[in-house]
Structures are given as structure tokens and as C-alpha cells.
Amino acid sequence: MPSYTKSHVQFELNGEHVTVEEPDPKAVLGDYLRLERGLTGLQMPCRQGGCGSCTVILSPIRCSSSDSSSSSSSSSSGKKKKKDAVHVAAANHAGDDDGGSGGGDDDEPLKHRPVNACLLPLCSVDGKRVTTVEGIGSTKHGLHPVQQAIVTHNGTQCGFCTPGMVMSMYGLVVNNSQPTTQQVEDQLDGNLCRCTGYRPILDGFQTFANCNNNNNKRMCNKSGEQCASECDKKGDMEELGSKRMERWELPDARLMVSRDGLKWVRAVSLDELYALLQTTKHKGRTIRMVRGNTSSGIYPPPPVDVLADISHISKLMELSVQEKGISIGGAVPITDFMVLLERNQSLSPSYGPLLKHLKRVAHNQVRNIGSVAGNLMLTHAHGEFASDISTILMAAEAKLRVGFAWENGDEHVISLEQFFNLSLDGAVIVEIFIPVMKASARFFTYKVALRRVNAHALFNAGFKLAVNSTKGVFESNCVIVYGGVRPYPQRARKTEAYLAGKKVFDPKVFADAVQILQRELVVDPALGRTEYRTRLLATFFYKAFLSLFPIDTIPPRLRSSIVEYVRPVSQGEISFDEGDPSEYPVSKPIPKLSAGLQATGEAQYLDDMVVGGSLYATFVQATVANAALKSIDPSKALAMKGVITFISAASLKADKYCNLVSEDEEVFASERVLYYGQAVGLIVANTKALADEAAKLVVVTYSDVQKPILTFEDAIAADSFYEDRRVDLQIGTPEIAMQSADVVIEGQASVGHQYHFHLETQRAICIPGEDNSMDVYSSTQNPSQVQHCVGVGLNQPQHKITVHVKRLGGAYGSKLNRAVPIAMACALAADKLQKPVKLILDIGTNMQVVGGRSPYHCDYKIGVMKDGRITSLQLRILNNHGAHFDFEYPMLEAIPVFIDNVYKIPNWDIKGKAARTNLPACTWMRGPVFVETVFMMETMMEHVASVLGMAPDLVREVNMYKKGDTTLAGQYLEFCNVKEVLDSIKESSGYETRVKQVKEFNSLNQWVKRGISLIPVKFSASWTAVQHIALVNIYPDGSISIHQSGCEMGQGLDVKVAQVAAMTLGSIVEGGLDMANIKVQTTTTVIANNVGESGGSVTSELCAMAVQVACNKLVERLRVTSRMLTTLGRKPSWHELIEAALTSGIDLQARARIYPGPNQNGPFQYLSFAAAVTEVEVDILTGDTRILRGDILLDCGKSLNPAIDIGQVHGAYVQGIGYYLSEEYQIDAANGKLTTNSTWNYKVPSSKDIPHDFRASLLPNSSNPSGFLRSKFSGEPPYGTACSVLFAVQQAVAAGREEIGANDWCSLSAPATVEKVALAANVPTSFLSLPLQSQ
Ligand SMILES: Cc1cc2nc3c(=O)[nH]c(=O)nc-3n(C[C@H](O)[C@H](O)[C@H](O)COP(=O)(O)OP(=O)(O)OC[C@H]3O[C@@H](n4cnc5c(N)ncnc54)[C@H](O)[C@@H]3O)c2cc1C
Ligand code: FES
Ligand code: FES
């Protein structure tokens, strides 16, 4: 064994040399950066590689000559193909080679790699360079152009994702300062944003795309003006890239660090690795090889004694091109493999399709460091994982060279089939060889997933179809592989054998082959989605088979079935009125005040706060859903060094604390556990990792374990409903009207759960103070409520509890009521221990305990006349609310507010009840009840149109409210511009023409169909009972601070209140007031006592109104001074005025409270209308859906800040896309556990799921006499319009069903996942026709 002398890790961090002595081998870079270096720009919400918020750049330090076996990258291109193997050094981020020489290659295309710091082991960055968001620009010294771009284009809302977005994009431009638009579009596939809808981020980043792009109408980050195609950004980028390219010679590449019995050993040759594997085994210890470590978040590995870093073994980093194929070493990242394939596409018909498929594997950050071999080994360990790489490489007949440590490194060349049947103890994948296929062979691969990118396959397949073109028959060496049929990729050997010698263009061959295929590959039900997977077995085979036919023999209607979908570079347009200059800065499109802070990572979120001496808490959670608590034994946890205490209902009682969150809910379950994941206690320890580990050791036993009530069916069977929460509403004479209707239609509409997916999870920090006081830093949208409940919990008056909220990293309603139990648990621990305590939920816990949006089911009966007028509605609505009531969550009571949407229906009979189930209580989520009931109503509109054979928009128009009507909830429509909104969007979107085009498209295409849907919505602002407060201070230097009671969570509240303050105070000074003078402070209950929550879309207006009232008080006081200083018509400047006011002793502090009273027109201050037109294209056979275009129009009155309001339109609509298409909740029927509890299995939209063409507008020339400064809210209404996505898909499915002769009504429930869509289309295999003329 060689000597491993180096036991410290050295690397370059943002230009600084860093040495970490004996680090923890388990530590990941992200934790080190955040906790040890205070670099809190990166966030780590998922720790799974799933969200991209932790993106940093990993680069080589040395750019010295590469070793002798390396050639320049151009040697790997097909152009320089040599007979002998050509070895190519892998990209120089990789480790040093055997000889310790630099692994660098200046010609490599990707020196600087965006990677996920949440997965990257700290030890693995030894000898490299790390750049974080703090390292590229700052508000003090200037923003980097990438940071500036996201600011200028309003690409930040809550800002939690922003540093990750910035670093991904920086990673592109630092390698390539003139990227193409396609490269920019592709770069963000590993970054999720829940707020912005991606459009503004993409628009901002597209400014870096090649300036010669003809269509570059974007704003330049340098000049701030429209791109003139003249600027050379290369200079900027090179300067930044090279600034830190200094050489730093490192000692020996070997490394061994150990801590607490765990070792990290970096082997630098295969021999060393084998020796390490052997000695570890001989010592009876366990070992795991680590390359990218990217698999560790999605499939956490069991603990081991030794981690062997294999990334510095040069043999494993080689890439080579030979006459018979290409090969890559066992540590080569997927990205490098892709580059090799790209350069050698011409060598084999399989290389291009492999490359295309790999673009849909994981995402940039994972591919940049995650290896092909690591993927294969992951699949070997977890057969149920439908690995794309395993499937497509098996289909490409890849061969592996595997070395076995127990055989002293003897190597065996094996196929992937053999590989998956082999015990791999001590095995190292040394090389993967992908043979060149005969030019006559055709190679196809397929994948379906819940999302376009950053989503593992639900099902995949690869086909090598070898054809003897002279004889027109299949050769004997076809290969058919499916992933997701049963564990491990499966070859369809019998089908392959059947095909040999059979005619290629014979439909009977296909029909017989499908039967054989379906017999030999029976889908394993344990993998779920059995029917869908079974269907796809035939579908993928059909697509491959059909693709063999010469295109001119394929009937035109069938051709689109085989055209591979290639998402174009997306684009967008925004439009709004420029506003009124006399009111500026109000009505001006101004970026968020904190956008710069967010883009540089300087913005502080709760967990970024440094709190000296803080302890860390973790919940102990129930693992059953409906049982009595028998015992809780924390002794093992408490025995761990560093664990401080355990708190439970019993201990709270003993300490005389209150365990109640509300009448309905306990902080910790005391007697009975109501749902899986419910908190039964809290472990407090010195570190978070320790608390997490200790919480797992608390032993909880249960008795009387009952079958949980989870679904509507369960609730009906057990008659489990909230008796006092029923809705029973009769308007008119529904029964009589139903009888006299021309047609009576019955149907159902269902929507599922939705998780908020705020990237910043629920959290609190509590700091006890003197005299039993407590400072609570809470991620809440409702500080007053937290203050009240913490006071109750601690048995202390409210004046001793101070709640602070600086900003939230996303909330969308989840941090209203659901922040309370977290803050209470944390405060109880802090009070008991009299020490600061942090309680930060991980994403899995957060998803499990926060119930999300409620599922609804509606059985409807519609009485309708032949002309489309609905005369009567009977609705029976069920809601699955969960185990307890979530404070005042309105739910069923709010149904009449929204269910009518924009329609006047004279007779109603609504009965609704809420199921009490063993699930966490559902809670508010953006547009609660509104979004769900709009969907119900619009389902009915579509159903009526389908039955009457009318255009859906006609049915809508016939029933639409007009000015002077009164809504179902009793709002008199003094103003009603829904028709105007509808007409406007019809016109601007070209709706009528496109409806015809969709019809035409559908008549010309059999299995790819389009749909287009136009949905109008009404939203009601309930602000009459909400109070808000503002306190405005003017300081002697003229600077102004504003405290207000709303919480900034990305909605742009701060900038709107600052605009209003600047307009109001600026009215009495010359040249107005520069907004730079204004700072909006942290929200705190010191100022904001007894106020409403931030939610319901109205907070910005009400807080701005409070600020205006306070500022007007100041203006009144300052007006006399202003007049005195006004000379020759020139008012004083702001500073002159304040100086004079100070000497006059004017009070420069003012406060205002807003409590809007009832409105004469009904329960709401005003109504807002919006509409969307969405066009989709659906692969009817797979269910794959792409949104071609989305137009959304919102009546925002006279917008206070159109940039902010357009951002709300984008964000709300895209959240809706997830709700309606991909965000699937799955619950374990046995115990109520949420199985979709991470980024791995819960899929919110990515940047590649938004419309190809995304247009958001605010209604021009609008004004709202009932709104604040004639504006309207923007946060929720656009969400309601997103159901147009689902209805467009439904129309496409209906068109697909017509192909099989099914003309009946077929509705989709939400979310309409790929699976649901394909099953709804229900195309039998017998309909998968082939060209007849070629027989
Ligand atoms: C967010 C995300 C999305 C993903 N999406 C997809 C997807 O869409 N499709 C898909 O197919 N995959 C997907 N993956 C899986 C991804 O491809 C793998 O995580 C990655 O390839 C693993 O490579 P690694 O180098 O990081 O392996 P590591 O995590 O370092 O190692 C994985 C295993 O392989 C072993 N190992 C590594 N190299 C060798 C070797 N040379 N010899 C022997 N053993 C070795 C390790 O010991 C370990 O047991 C996704 C992963 C993530 C995190
Ligand atoms: S925290 Fe690293 S990807 Fe989500
Ligand atoms: S701004 Fe992207 S998650 Fe909030």
C-alpha cells in the first residue's frame, strides 16, 4: 500500500486558498460552505440534486500539460479517426492521473462545471477550485452580468432559487461567452423555481446568447438597452474566468482523512484501489467507491467504514475512440460521454440517439460529475430504478470491462445482461465500450417521465433493429430492451428471436411480435402503473417499428407518431401599460428592492442567521396513521453525546406548558396519533446532524392500530366527516328548473392534493431573553398568529413574545397556519432549555406534515337548455381535509364565493362535506377553493359543450355575468369587464383562427393531437376584515425606514410600499423622492400588532395603503415647511426639506392602521377578472404533453408595478401547470405515508415544461375605482386560468378517442399525468396500424 500522508483538504474558494484539516469524510461541500465559511448564498432545500439551489462551479486548479496518453480534444472527433485506439483525457476537472501530473487540458469544452454542493463530498474538492455566488459579484463591488441580468429582467421573487440559477448560467458563460439560445435554454434543466414561472429568468439569461442571433430583441445587460448585436461579452467573461486561473501546485494527489471511524481515501491508480478494497475487506470493514456521489441523495447508501474516491484514477477517466467503438472509463462523467458521442455521431447509427436520450437523463449538474458507471452500479443495487442509461446501453450492446479486487484486479468483459446477474462484491467497472453498429441498423430510444427534464423514467426502451435491406427482412441480431417492466432492464429475447428473418414491412409481423412481447415481458405490478406500462410496451415497439418504414410509404396522418419531439427554444412576450408618469415611481415597472441581494446571495433567509450557542431540534414523527400512543422511549437518543433533551406531550405537561396549537391540534400527539408523520416529540442536540440521527433512535410503540381512513371512499365507508363544516345551499328552485331543462347532464370532477413546494421549508429560530421573553424568528406569513400561539404555549403574555420575519423563501399559503406548530415546538424547546434553538424542517418532513391543497370531488347534475344556458345545478362536493381542522381555513364555506366563476346560473343546490381522514390537515394554498371550484365549473362547461355539440367558448359566453348582475355570493357587479377581458384575449391570441388550425391539425394527424382552451375567471378580494399597519420614520440624513405588517415572500410587497412612499413623500419636493432613500425593514410584531396575515392577494395593496396614510400624515406636517422653502415655483429638495423640518421640531415619525370596512356592493371590495388561452400538443399513445402556447390576460386595474404583477401572472400560471399536469401525490394505502415526498418523486414544472410561447399581459387602459390607487391584485387570479392547460389536453384526448370511434364525453381529473392521459385515450393495440402498401 502506498503511504497516504496528506490528511487535509486544500482547495481554492472564490480565489482564496483554503485548507481544511481532517474534515469529516461524510461532509458535503454545501454544509462546509454554509456553516464553516458563512457562504450562505447557496441553499440546500432538497439535498438530493433535485432543485439546483445549491449550485456552485467546480473547476480545475491546474491547467498544466496533460499526460502523455492524452491527446487534444480534437483527436476524439470522428475526423481524426485512427485505426488504433485513441485515448482522450477526460475533462480536466477530474483528478490527477497516476503520475500526479495535472489532468488539465486547456482545449476541453467544459472546464468549469456547475455541480450540486449538496451532494459533492467536501473531500472530493481537494485540489480544485470552487466558485460560489459570492465569488462572482456583490452589491458592494458590482454585480456580475449574469446577476444583473436576473435583476433587470425581474427573475427573482422569493429569491431562494436565485443564486443557484445564477451559478448555473455563470457556469455556461464562463466556459463559453457566446452561447447559443439553445445552450442557454438547456442550461437550467437542473434548477427549479416555484415563483417566477422561469420566463423572466430565461429572458434575462438569453441576453447572453449569441449576439448575432437575428431575433435578438432583448435588453443588453451592459447598455441596458435593446441588444444592438454589437457588443462583445467575451471580454467580461474571460476576465472573470481567468482572474482565478493562477497555478497552485498541490502536493501528492493521494489523500486520506478520517473521523469517527470513517475514512476517505483517494486512490490514484487501479492497483491502489484494488489493494484498498482487499485490505478493507480483510479487516472486516465495509467500503464504498465514490465518483460523483450523485446517487447518495436519491438512494441513500448504508453507512460504511471507508469511502474510496475513484475520480483521480486516470485509467478510469479515459475516453477513447476506436474503429469498433468508443469507450469510456469507469469514472467518466455523463457530460464527457455526451461530448464524445457528439463528436463521433457519424461513426454509428446508435450514437446520435444515445446522445439525445442522455440529454433527458438527470440534468446538467448531475451529468457534470455523475458517471455512467455510477448509474449502472446504482441500477445494480436498486433494480426497481428504471435507469435510462442502463436501458439504452443494453440496447446499444455495450460491454463492460469489470475488474475484481478479490482476483487481484483480473478483468472480465461482460454484457450488461450478465452484469445485472452478477454479484459485484469487490468489482470495479473499469471501462464501458459502446460498439459501432452496422450502418444498416436503426437505433431508437424512448422515455416517459412526469416532467420533461430532471425526471427519472417511468418507463423507457431501446431498440436496435437490424435490417437486411436487400431482402427486406430483420437480421438475427435485433435487440429490444425495456426499463420499468420489472426490476432491471429486460431484453425481449423471444421477440428478438421471432423477428429474425421476418419481413420488415409486414404488419402481421408487428402484430405477432407484439403478442410475443406482451407474453414474455409481463409488467411487475409491484412497480405500479401496471396498465400504463403494459400499454407502453406495445406503444414504444410500434413507434420503433413504424420508424423503419420509408417515410414516403407512411400515411401522412401517421407520420407525426414517429417524429421525435424536439422542444424549441422557448420565447415569451409581456405587455402592460407604461403607467402614469405623474404618479411615478408608482405604476412604473421596477425590480424588487432586494433583487440585487438575492442575485448575489447576500439576501438573508432565516437559516442564514448566525445565532451564537444555538441548539438544533428535529421532530420525532409517528410511523402509523391511526393508533394509540403506547410508549415513547428516547433513552438511546439521549445517550448520544451532544444530545441535550427530548420533549413530548408528557414532558410539556410536567413542565406546565400548553401543548395545544388550536382547539383541534396538538403540538405533539399525546394519546392518539392521527396521521403518519405527526410529531410525537422533539429531540434537541448540539448540531442538526446529531439531532436528526438521534430522532431516529427514539422508540415509539403503538397500540390499537386501526386501518387509516385516507380516501373519500374510506371516509364514506366509515362515515367520517366534520359535522359542523357542511355546506347546504339552495338558491332558486333547482329541482323544478332541472325538470324543465332541455337536457340533464351528470358527471364528475376531481382534483388531487398539491404541495406548495416552497423551496425554503418551514422553520423557526427562538431565542429566549430576560424576564421570560422570547424572540421568535419564524418563516410565517402571519406573525400575529405565531405571537399569540407561542404566548399560549409558553403561558406568557403576548408582550413577552416578539416575532420577526425578514423574508420568506416561498410560502404560497403554507406558512399561514402551518408555521405555527413549528414555531411553538421550537419556542417550547428554547424556553425549557433557556438556549437559542433552531428547528429547520427537511423537505421530506415538510412534505409529510404540511397537508397542502385539499383534494375535492364533485358529482354534478346540470340542467341546460338547447342554446347552452344552464338553468340549474346540483352539486355534491366532497373535500378531503385531513385529521384536524387547520384554524379558520374556510374550505367549504368559500364554495359559493368561487364556484359560479363568471357565470350567472339562476338555480343552485349545493351540498358539501369535509372528510375527516388520517392525513395531515390540508391548508391554504394559493387560490384555495378558488382554483378547485373553477376547475369543477369549467369541467361542467366543457361537458355541456360536448353534449350539445357547441363550441365551449360559446357555452361560456351564453352564461356569462354582466354588469348589474349579482354573483352567487351576493356581490353586486357595479363593474364587470369579463366580456372585455375575454374579447381582448380572443383577439390578441388569435383564438378563433387557432381553433380552426387545431381542428385541421387533428384531421391531419392520427396519434398526435392538439387542443386549445379558453378559460375566463373571476376572483374576489376579501380584504374588508383584514387590518394592516405601517410605521414610517424619516431620519436626519433624509433616509426613510418603513415598517409594515405584511411579510415579503417574493410577491413584491416591499417594492410596492416603497413606490407608494416615494410618490407620496416626493409630491412636496422638487424632482420627487429617490427610492434609494427608502428601506423597508424586517416585519416584527413590535410594530405590527394585532394585524392580519399576508395572503389572499391583498397584502401589498393594504400595506401600501397604510404606508400612504402614514406618509400623508408626514406630508401634512411638512407641507408648511415645503411652502416656506418654495421660491420662484421651485420646491425644496428632499434634503433641504428635512433639514428645515428638523430645526422646526416637526415629528418625522408617522404610523397608520388600515381596517377597511364593509363594501356597499357586497362582501368583497372588488372582483378581478382574468383569462387564458392555452394550446397543447399531446402524444396520444404515450400521454406526453407539451404546451405550445399560453396567453394569459389579467385585469390588474392600474398596476402599482407592472413588472411585479406580470411576475405573479407567470408564476401563478406555471404553478397551475404543475397542479394540472404533473404534481402527483401518492400515499401508502397501508399507513398513510406520503410516498411522493421529495424532489425525486414529486415533480413541479421545470423550465422545459412552460409554454414554448408564453405571453403574459395586463389588460390595457384598465382602472379600478374600488382598488387602492385604482389597482387590482395579481397573486391568485391567474392561477385559476391554468386549468385551460388541462382542458386543452382533454380536447386533444377527445380528438384521439375519435380515432378509435369513441365519441363519448371523457373527462380528466387533475393532475392529468402522462399516465392518466394515455389511459384516457385508451388506444387499443389493434389500432396501431402500419402502412399497408408496403406489404
Ligand atoms: C436529480 C437526479 C436525477 C436523475 N435522473 C436520472 C435519469 O433521468 N435517468 C437516469 O438513468 N438516471 C438518473 N439519475 C441517476 C444518475 O445518473 C446517477 O446518480 C449517476 O449517474 C451516478 O453517478 P455517480 O458517479 O455520482 O455515482 P456515485 O453516486 O458516486 O456512485 C454510485 C454507486 O456506483 C458505485 N460506483 C461508481 N463508479 C464505480 C465504478 N467505476 N465501479 C464500481 N462501482 C462504481 C459507487 O460505489 C456507488 O455504489 C439521476 C440522479 C439524480 C441525483
Ligand atoms: S439542495 Fe442541492 S439540488 Fe436541491
Ligand atoms: S424565486 Fe425561484 S423559487 Fe422563489
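Residues numbered from 1 in each chain as written. Chains lettered and ligands numbered in written order. Predicted model: local features only at pLDDT ≥ 70, side-chain atom pairs only at ≥ 80, totals over all residues. Heavy atoms only, no water.

Colleague: What exactly am I supposed to notice about the packing of aromatic side chains here?
Modeller: For any pair of aromatic rings, the description rests on two quantities: the centre-to-centre distance and the angle between the ring planes. Using the criterion set out here, one finds 35 aromatic pairs in the structure. On the numbers, 5.6 Å between centres and 55 degrees between planes, the contact of phenylalanine 474 with phenylalanine 545 is tilted. In this pair, phenylalanine 474 sits in strand β19 (residues 473-474) while phenylalanine 545 sits in helix α17 (residues 530-547), placing the two residues 71 residues apart along the sequence. Since its relative accessible area comes to 1%, phenylalanine 474 is described here as buried. Sitting over the face of the ring of tyrosine 605, arginine 807 holds its NZ or CZ atom 5.8 Å from the ring centroid. (Phe/Tyr/Trp six-rings, centres within 6.5 Å; stacked < 30°, edge-to-face > 60°. Helix = DSSP H or I, 4+ residues; strand = E, 2+ residues; numbered from the N terminus. Buried < 20%, exposed > 50% of the residue type's maximum accessible area, 1.4 Å probe, protein only. Lys NZ or Arg CZ within 6 Å of the ring centre and 35° of its normal.)

Colleague: Quick question: what am I supposed to make of the pattern of salt bridges here?
Modeller: One side chain can pair with another of opposite charge once the charged atoms of both are near each other. Taken as a whole, this structure holds 72 salt bridges when the rule is applied. A salt bridge links aspartate 203 to arginine 199, with the shortest nitrogen-to-oxygen separation between them at 2.9 Å. Of this pair, aspartate 203 and arginine 199 both sit in helix α5 (residues 199-206), four residues apart, which is roughly one turn of the helix. Ionic pairing is found between glutamate 583 and arginine 1270, a salt bridge with its closest N-O pair at 2.6 Å. Residue glutamate 583 is located in the loop between β22 (571-575) and α19 (595-600), and its partner arginine 1270 is located in the loop between β48 (1253-1258) and α37 (1277-1281); the two are separated by 687 residues in the primary sequence. On the basis of relative accessibility, which here comes to 13%, the residue glutamate 583 falls in the buried class. Of the residues examined, arginine 1270 reaches a relative accessible area of 30% and is grouped as partly exposed. Taken together, the shared-partner salt bridges in this structure form one network comprising Asp953, Glu957, Lys979, Asp983, Lys986 and Glu992. (Salt bridge = Lys/Arg side-chain N within 4 Å of Asp/Glu carboxyl O.)

Colleague: Honestly, the nonpolar core in this entry has me stumped. Any pointers?
Modeller: Grouped burial of nonpolar side chains is what soluble globular proteins tend to show. Judged by nonpolar contacts, the single largest core of 252 residues is most densely connected at Phe205, Phe463, Phe474, Tyr482, Leu499, Phe541 and Tyr1213. The biggest single contributor to this core is helix α34 (residues 1099-1125), with eleven residues. The residues contacting tyrosine 1213, other than those within four sequence positions of it, are Ala1172, Thr1174, Ile1187, Gly1190, Ile1192, Pro1251, Phe1254, Pro1278, Thr1281, Ala1282, Ser1284 and Val1285. If you look at the next biggest cluster of nonpolar residues, it comprises 44 residues, including Ala679, Leu794, Leu828 and Val850. (Core = buried A, V, L, I, M, F, W, Y, C linked by side-chain atoms within 4.5 Å. Contact = heavy atoms within 4.5 Å.)

Colleague: Any chance you could explain a nonpolar patch on the surface here in plain terms?
Modeller: A grouping of Val1120, Met1124 and Leu1125 is seen on the molecular surface, where their side chains present a nonpolar patch of about 290 Å² in accessible area. Counting through the fold element by element, leucine 1125 comes out in helix α34. Residue classification places leucine 1125 among the partly exposed positions, given a relative accessible area of 30%. (Patch = residues over 30% accessible without salt bridge, like charges linked within 9 Å, V, L, I, M, F, W, Y side chains within 5 Å. Areas by Shrake-Rupley, 256 points an atom, 1.4 Å probe, with all protein chains shown as cover.)

Colleague: Would you mind going over the packing of helix α2 (residues 145-152) against α5 with me for this structure?
Modeller: For any two helices packed against each other, one specifies the inter-axial angle together with the distance between the axes. Two numbers describe how α2 lies on α5: the axes approach to 8 Å, and their chain directions differ by 135 degrees. For the element pair α2 / α5, the angle class is oblique. The two elements α2 and α5 cross, and the hand of that crossing is right-handed. Contact with α2, carried on its side by Val146, Ala149 and Ile150, involves Ile201, Gly204 and Phe205 of α5 and no other residues of that element. Broken down by class, the residue content of the contact of α2 with α5 amounts to five nonpolar, one polar and no charged. (Axes fitted to C-alpha atoms, helices over the stretch in contact; angles between N-to-C directions. Parallel < 35°, antiparallel > 145°, perpendicular 65-115°, else oblique. Left-handed = near helix turned anticlockwise from the far one by under 90°. Nonpolar A, V, L, I, M, F, W, Y, C, P; charged D, E, K, R; others polar.)

Colleague: What is the right way to look at the site of ligand 1 in this model?
Modeller: Taken together, the neighbourhood of ligand 1 is formed by 37 residues, with Met289, Asn293, Thr294, Ser295 and Ser371 sitting nearest. Between an oxygen atom of ligand 1 and a side-chain N or O atom of serine 295, the distance comes to 2.6 Å. Between aspartate 388 and ligand 1, the recorded distance is 2.7 Å, taken from a side-chain N or O atom to a nitrogen atom. Expressed as a share of its isolated accessible area of 960 Å², the protein-covered part of ligand 1 is 96%. (Near = heavy atom within 4 Å. Polar contact = N/O pair within 3.5 Å; in protein donor to acceptor, adjacent residues only side chain to side chain.)

Colleague: Is there a simple way to explain helix α29 (residues 930-948) in this structure?
Modeller: Turn by turn, an α-helix covers 3.6 residues, leaving residues three or four places apart pointing in a common direction. Between its first and last C-alpha atoms α29 spans 27 Å; for 19 residues at 1.5 Å apiece the expected length is 27 Å, and the two agree. Most of α29 sits out of view: 16 of its 19 residues are buried. Backbone geometry just after α29 places glycine 949 at a positive phi near 70 degrees. (Expected span 1.5 Å × (residues − 1).)

Colleague: Explain the UniProt feature "domain: FAD-binding PCMH-type" (unreviewed entry) in the protein chain here, please?
Modeller: Taking the numbering used here, the UniProt-annotated feature "domain: FAD-binding PCMH-type" (unreviewed entry) corresponds to residues 257-439. Secondary structure over residues 257-439 splits into 35% helix and 25% strand, and the C-alpha atoms at its two ends are 51 Å apart. (UniProt positions renumbered as here; feature names shortened; annotations may be inferred.)

Colleague: In this structure, what is going on with the pairing of strand β11 (residues 319-322)? I would like to understand it.
Modeller: Two faces, one strand: in a regular strand the side chains alternate between the faces of the sheet. Because side chains alternate across β11, one face comprises the buried residues Leu319 and Val321, and the other comprises Ser320 and Gln322, equally buried. Sheet topology note: the β11/strand β12 (residues 325-329) ladder contains four bridges and is antiparallel. Residue leucine 319 lies in a different strand from β12, and its bridge partner there is isoleucine 328. (Pairing = 2+ DSSP bridges.)

Colleague: Would you explain unusual backbone geometry in this entry?
Modeller: Most peptide bonds take the trans configuration, and most residues that are not glycine carry a negative phi. The omega angle of the peptide bond from tyrosine 584 to proline 585 is 5 degrees, so this bond is cis rather than trans. With respect to the helices and strands, the residue proline 585 is situated in the loop between β22 and α19. The phi dihedral of asparagine 795 falls on the positive side, at around 55 degrees, and the residue is not glycine. Positionally, asparagine 795 belongs in the loop between α25 (783-794) and β35 (801-805).

Colleague: Whenever I open this one, the packing of α25 against helix α26 (residues 819-833) confuses me. Can you help?
Modeller: Where α25 meets α26, the closest approach of the two axes is 9 Å, and the angle between their N-to-C directions is 40 degrees. It follows that α25 is oblique to α26 by the angle criterion. In terms of crossing hand, the pair formed by α25 and α26 is right-handed. Across from Gln785, Val786, Cys789, Val790, Gly793 and Leu794 in α25, the residues of α26 making contact are Val820, Ala823, Met824, Ala827, Leu828 and Asp831. Of the residues belonging to the contact of α25 with α26, the class tally is nine nonpolar, two polar and one charged.

Colleague: Sorry, what's going on with the sheet that holds strand β40 (residues 1008-1020) here?
Modeller: Strands belonging to one sheet form pairs held by backbone hydrogen bonds; the direction of such a pair is parallel or antiparallel. One open sheet accounts for five strands, arranged β22-β48-β47-β46-β40; its pairing is mixed. Only two strands of the sheet have a single partner each, and these edge strands are β22 and β40. Strand-to-strand twist across the sheet, computed as the mean angle between neighbouring axes with direction ignored, equals 10 degrees. Strand direction decides the pairing type here: β40 and strand β46 (residues 1167-1179), joined by 13 bridges, are antiparallel. Bridging from a neighbouring strand, lysine 1018 pairs with phenylalanine 1169 of β46. Each of β40, β46 and β47 (1185-1194) touches helix α32 (residues 991-1004); the most contacted strand, β40, lies at about 150 degrees to it.

Colleague: What is the right way to look at the sheet that holds strand β8 (residues 262-266) in this model?
Modeller: Sheet architecture is open: four strands sit in the order β7-β8-β10-β9, paired in mixed fashion. The strands lining the two open edges of the sheet, one partner per strand, are β7 (255-259) and β9 (287-290). The mean angle between the axes of side-by-side strands here comes to 15 degrees, regardless of whether they run parallel or antiparallel. As paired elements, β7 and β8 share five bridges and run antiparallel to each other.

Colleague: Explain helix α13 (residues 388-395) to me, please; I cannot follow it from the model alone.
Modeller: Extensive coverage of α13 is indicated by the burial of eight of its eight residues. Every buried residue of α13 is listed here: Asp388, Ile389, Ser390, Thr391, Ile392, Leu393, Met394 and Ala395. Structurally, the start of α13 carries an N-cap: the backbone nitrogen of isoleucine 389 is 3.2 Å from a side-chain oxygen of serine 387. Immediately beyond the C-terminal end of α13, within one or two residues, lies glutamate 397, with a positive phi of roughly 60 degrees.

Colleague: In this structure, what is going on with the environment of threonine 1236? I would like to understand it.
Modeller: Mapped onto the secondary structure, threonine 1236 falls in the loop between α36 (1202-1222) and β48. Spatially, the C-alpha atom of threonine 1236 lies 19 Å from that of isoleucine 709, the residues being 527 residues apart in sequence. The residues contacting threonine 1236, other than those within four sequence positions of it, are Met847, Glu1224, Tyr1225, Gln1226, Asn1241 and Tyr1242. At 3.4 Å, the side chain of threonine 1236 forms a polar contact with the backbone oxygen of glutamate 1224. Engagement of the side chain of threonine 1236 in a polar contact is seen with the backbone nitrogen of glutamine 1226, the distance being 2.9 Å.

Colleague: What is the right way to look at the pairing of strand β14 (residues 410-415) in this model?
Modeller: Two strands pair when backbone bridges link them, and strand β13 (residues 399-404) and β14 are joined in this way by six bridges, in the antiparallel orientation. Residue pairing in the sheet places valine 402 in a bridge with histidine 412 of β14. Turn length for the β13-β14 hairpin, with the two strands adjacent in sequence and antiparallel, is five residues, and the turn residue asparagine 408 shows positive phi of about 55 degrees.

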